[in-house]
Amino acid sequence: MFDASVYTQRRNALRSRMNKGIVLLPGNTEAPMNYPANTYHFRQDSNFLYFFGLSQPDLAGLIDLDSGTDILFGDDFGIEDIIWMGPQPSMAERAALVGITNTQPLGELANYLSAALAAGRQVHFVPPYRAETQLWLSSLLGIRPYFLKKYASRELIQAIVSLREIKEEDEIAEIEKMIDVARLMHTTAMQMAHPGTSEQEIFGRMEGIALSKANGTSFPIILSINGQTLHNHYHGNMLSEGRLLVSDAGCESADGYCSDITRTIPVGGKFSKKQKDIYQIVLAANETAIEESKPGVFYRDIHLMAARMIAAGLRDLGLMKGNIDDAVTAGAHALFFPHGLGHQMGLDVHDMEGLGENFVGYNDEISRSTQFGLAYLRMAKRLQPGHVITVEPGIYFIPALIRQWKEQNLHTDFINYSEVEKYVDFGGIRIEDDILITPDGCRVLGTPIPKSVADVEAEIAKGL
Ligand code: GLY
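Report on the accompanying structure. None of these values were measured; they are calculated from a predicted model.

## Remarks on empty space enclosed by the protein
Here comes step 1: A full pass over the atoms with the stated rule returns 3 cavities of 30 Å³ or more.
Here comes step 2: Breaking the lining of the largest cavity down by element, the ones donating at least two residues are β1 (22–26) and α6 (131–141).
Here comes step 3: A per-class count over the lining of the largest cavity returns 7 nonpolar, 3 polar and 2 charged.
Here comes step 4: Roughly 60 Å³ of internal volume is contained in the second largest cavity.
Here comes step 5: For the second largest cavity, the full set of lining residues is H343, Q344, H350, D351, E353, E357, V360, G361 and R378.
Here comes step 6: Tallied by class, the residues present in the lining of the second largest cavity amount to 1 nonpolar, 4 polar and 4 charged.

## A word on the nonpolar core
Generally speaking, soluble globular proteins have nonpolar side chains that are buried together.
Here comes step 1: Counting 82 residues, the largest nonpolar core has L245, I278, L314, I395 and F397 as its most contacted members.
Here comes step 2: Considering each element in turn, this core owes the most residues, 9 residues, to helix α12 (residues 299–316).
Here comes step 3: Setting aside anything within four residues of it in sequence, one finds I278 in contact with L314, L317, L319, I395, F397, Y423, F426 and I429.
Here comes step 4: Y50, I157, V349 and V360 belong to the second largest nonpolar core, which has 48 residues in total.

## Some remarks on the state of the cysteines
Here comes step 1: For the structure on display, the rule yields 0 disulfides.
Here comes step 2: This cysteine, C258, is not joined by any disulfide, and C251 carries the nearest cysteine sulfur, 8.5 Å off.
Here comes step 3: Given the relative accessible area of 1%, C258 is considered buried.

Rules used throughout
Residues numbered from 1 in each chain as written. Predicted model: local features only at pLDDT ≥ 70, side-chain atom pairs only at ≥ 80, totals over all residues. Heavy atoms only, no water. 1 Å grid on protein atoms, 1.4 Å probe; cavity = no way out; pocket = protein on both sides within 12 Å on 5 of 7 lines; lining within 4 Å. Points joined across faces, edges and corners; volume = space filled by probe spheres on them. Helix = DSSP H or I, 4+ residues; strand = E, 2+ residues; numbered from the N terminus. Nonpolar A, V, L, I, M, F, W, Y, C, P; charged D, E, K, R; others polar. Core = buried A, V, L, I, M, F, W, Y, C linked by side-chain atoms within 4.5 Å. Buried < 20%, exposed > 50% of the residue type's maximum accessible area, 1.4 Å probe, protein only. Contact = heavy atoms within 4.5 Å. Disulfide = S-S within 2.5 Å.

Read these as geometric descriptors, not functional statements.
The following block contains the structure:
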């Protein structure tokens, strides 16, 4: 946890961006796996973590904009809890860690809110993403669960985004520590990428590193020799010579800060010529996108630049044809690069996605495209110093998509289907780094992770 003053300053900063009423930030409760007392790993809500810092279940934070008070609602532990859980700090002790002197039992929250609502005061909340929180908020506020999203406070969402998207120095340090753990996860995967090893073994080692050196993974590990499936969570294959292994994984700190890194590894240690040709296109798109990322630039323009580099590279290999600007404007490149270049990252791996992607990656200056491929871009708006974003171009050969586009004669001016068909068993390549936008450009966060053909091959060789 950070110093108590950090949380006080954040709450005050939120206050200065809002008008009146009450801000209610419910923490998360335990979520059962298969019976009530057998719960999943507990993960605190990220907005609660940002403003109230405590990572225990069954707490709620309240910021009263009118009276200037901050209240932490939660219950002290009784002797029965202590028997099972060991000695626990009191609510007052926990609250002091985040700069709060006013604590009340959780049951008092309903009374506080009833009085506020009866007095006609506005209660600001963000859209709940867990059923338990929906039911809780529904009963506290008298709003049916279905309507909670509609009545969520746009003012609060925008104020939170404006604060959380500009990372403080201490947050960046946390993220960099998590990238260094991710580095170990990925170099371990590289050293294990030999024919006859199973995806499951590598997955387990990576997950183990995330658990032993951090607070677990920041999202379910994507690790597959079928990397053409963008989010492939099936780990039942054996690695075989000549396949490409896509490894997209990161971890999170005890305070919830994330990393998100992708590397693509040639099983057996050497990229074939065909693989290297495609790899170099993705690598150049990744590196040029990083070079071009700086304050004031729309990230959508960086995405489109990467798309043009991918289309041009594929044209040089005979897979695409025609004018590259026209091809990308038409969306033809999305056959190979059907996702966005990146997203913000912080306390959530897709930072603040629960508040609504369009509040995080778009604004009054730029709205989301509906074109296939570009529509999936999560971050499009102008970059600002303090943004932490991922840069993750890729090229994929997705047999079902190729078949569908070919049957529909889509973009035949730009795609050489007869050449593309020679790649249907290629798989996919994605390369991802996490960057910080600085006042005059950007910086790749963390210790460099092998990325060039030579460096990836050298890392694999260490495991031979
Ligand atoms: N790294 C997984 C994702 O961005 O969705």
